[in-house]
Amino acid sequence: MKNDLMFSSKSDEWATPQDLFGALNATFLFDVDLAATAENAKVPIFYTKEMDSLSISWSGDTTRKDGPACGWLNPPYSRGAKFIAKAAEERCQGFLTVMLLPARTDTKAFHAHIYDAMTGQARPGVEIRFLPGRLKF
């Protein structure tokens, strides 16, 4: 399948709809936005493309007394697999990442880091939630 059929724009960076973010933030109380621009950041602490959040520790700028630090992540679609792998790595360090991803359950990244086909369940420390319908960006 060609990617141009999947995307209606040449950009793969989409700002998270505020109502979706607000509902998730009410539950998770995000400490950091892990892939943002100054214009679309959802949390006061955020990492831009220039900061390259894939190469730094996500919990470095965030500490909580009430549990693990928690990051929001709506990654650029073209780098989704790299961000999924990084979130899995950070999960092993105790950092919680909530990600907005396209429902592509056939990808290598999904099976390597999110879902365990052998057990038929999400990998340890992973929760999968599917949103009804399509988001409007």
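Look up a bit, the structure's there.
What counts, and where the lines are drawn
- Residues numbered from 1 in each chain as written.
- Predicted model: local features only at pLDDT ≥ 70, side-chain atom pairs only at ≥ 80, totals over all residues.
- Heavy atoms only, no water.
- Pairing = 2+ DSSP bridges.
- Helix = DSSP H or I, 4+ residues; strand = E, 2+ residues; numbered from the N terminus.
- Core = buried A, V, L, I, M, F, W, Y, C linked by side-chain atoms within 4.5 Å.
- Buried < 20%, exposed > 50% of the residue type's maximum accessible area, 1.4 Å probe, protein only.
- Contact = heavy atoms within 4.5 Å.
- Right-handed = clockwise from strand over helix to strand, strands pointing away.
- Polar contact = N/O pair within 3.5 Å; in protein donor to acceptor, adjacent residues only side chain to side chain.
- Phe/Tyr/Trp six-rings, centres within 6.5 Å; stacked < 30°, edge-to-face > 60°.

Draft legend 1. The arrangement of the sheet that holds strand β1 (residues 32–33) in detail. The 3 strands lie next to each other as β1-β2-β3, forming an open sheet whose pairing is parallel. Since the sheet does not close on itself, it has two edges, and those belong to β1 and β3 (96–99), each with one partner.

Draft legend 2. Layout of the nonpolar core. Among the nonpolar cores identified, the biggest contains 11 residues, and these are Val-32, Leu-34, Ala-35, Tyr-47, Leu-54, Trp-58, Ala-69, Leu-73, Phe-83, Ala-87 and Phe-95. Beyond its immediate sequence surroundings of up to four residues, Phe-83 is in contact with Leu-34, Ala-35, Ser-53, Leu-54, Trp-58, Leu-73, Pro-75, Pro-76 and Met-99. Counting residues in each nonpolar core, the second largest holds 10 residues, with Leu-20, Phe-21, Cys-70 and Leu-100 among its members.

Draft legend 3. How the structure looks around the pairing of β3. In the sheet, strand β2 (residues 70–73) pairs with β3 via 4 bridges, with the strands oriented parallel. Bridging from a neighbouring strand, Cys-70 pairs with Leu-96 of β3. As a crossover connection, the stretch from β2 through helix α3 (residues 80–91) into β3 is right-handed.

Draft legend 4. Region of interest: the environment of Trp-58. With respect to the helices, strands and loops of the structure, Trp-58 is situated in the loop between β1 and β2. Between the C-alpha atoms of Trp-58 and Phe-95, which are 37 residues apart in sequence, the distance is 7.4 Å. Excluding residues that lie within four positions of it along the chain, Trp-58 makes contacts with Leu-34, Tyr-47, Ser-53, Leu-73, Phe-83, Lys-86, Ala-87, Glu-90, Phe-95 and Thr-97. At a separation of 2.7 Å, a polar atom in the side chain of Trp-58 contacts the main-chain carbonyl oxygen of Ser-53.

Draft legend 5. The arrangement of the packing of aromatic side chains in detail. Counted according to the given criterion, the structure contains 6 aromatic pairs. Relative to Phe-95, the ring of Trp-58 has its centre 6.0 Å away and its plane inclined at 65 degrees; by these criteria the two rings are edge-to-face. Residue Trp-58 is located in the loop between β1 and β2, and its partner Phe-95 is located in the loop between α3 and β3; the two are separated by 37 residues in the primary sequence. Given the relative accessible area of 0%, Trp-58 is considered buried. Judged by relative accessible area, Phe-95 falls into the buried class, the value being 3%. Taken together, the ring pairs connect Phe-21, Phe-28, Phe-30 and Trp-72 into an aromatic cluster.

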